[in-house]
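# Remarks on the overall topology
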Amino acid sequence: MIFCSPYARVLDALCAELPDLSEAERAAVADLALAGPPAEDVGLAPFGPPLNELEVRP
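Attention here is on the structure that accompanies the text. (Residues numbered from 1 in each chain as written. Predicted model: local features only at pLDDT ≥ 70, side-chain atom pairs only at ≥ 80, totals over all residues. Heavy atoms only, no water.)

## Focus: the overall build of the protein chain
- A count of helices and strands for the protein chain gives two helices and zero strands.
- A buried classification covers 0% of the 58 residues belonging to the protein chain.
- Per element, the accessible surface of the protein chain, about 6000 Å² overall, is 67% carbon and sulfur. (Helix = DSSP H or I, 4+ residues; strand = E, 2+ residues; numbered from the N terminus. Buried < 20%, exposed > 50% of the residue type's maximum accessible area, 1.4 Å probe, protein only. Areas by Shrake-Rupley, 256 points an atom, 1.4 Å probe, with all protein chains shown as cover.)

## Some points on the environment of S5
- Examined against the element boundaries, S5 turns out to sit in the segment before helix 1 (8–17).
- In terms of polar contacts, S5 uses its side chain to reach the backbone amide nitrogen of Y7, at 3.1 Å. (Polar contact = N/O pair within 3.5 Å; in protein donor to acceptor, adjacent residues only side chain to side chain.)

## Quick notes on helix 2 (residues 23–35)
- Between its terminal C-alpha atoms helix 2 stretches 18 Å, which fits the 18 Å expected from 13 residues at 1.5 Å a residue.
- In terms of burial, helix 2 is largely open, as just zero of its 13 residues are buried.
- Within two residues after helix 2, G36 carries a phi angle of roughly 80 degrees, on the positive side. (Expected span 1.5 Å × (residues − 1).)

## Looking at a nonpolar patch on the surface
- A grouping of Y7, V10, L11 and L14 is seen on the molecular surface, where their side chains present a nonpolar patch of about 440 Å² in accessible area.
- Summarising the element assignment, L11 is placed in helix 1. (Patch = residues over 30% accessible without salt bridge, like charges linked within 9 Å, V, L, I, M, F, W, Y side chains within 5 Å. Salt bridge = Lys/Arg side-chain N within 4 Å of Asp/Glu carboxyl O.)

Laid out in structure tokens, this is it:
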């Protein structure tokens with residue numbers, strides 16, 4: 001899929017000026033991509049509606 005963005009050439013120019021990643025950095029990026037986003041530890045569950053009519057939130 002090709003995206004046509006007015007910023008694509010700017011980003012390409014910026015990326016061309018960045019140094020190459022080391023093997024360790026490439027491995028860290030790959031591990032991060034495979035792990036996915038972190039799980040949310042804090043949420044809004046206490047403020048949401050009850051999940052059913054018998055549940056009472058503190």
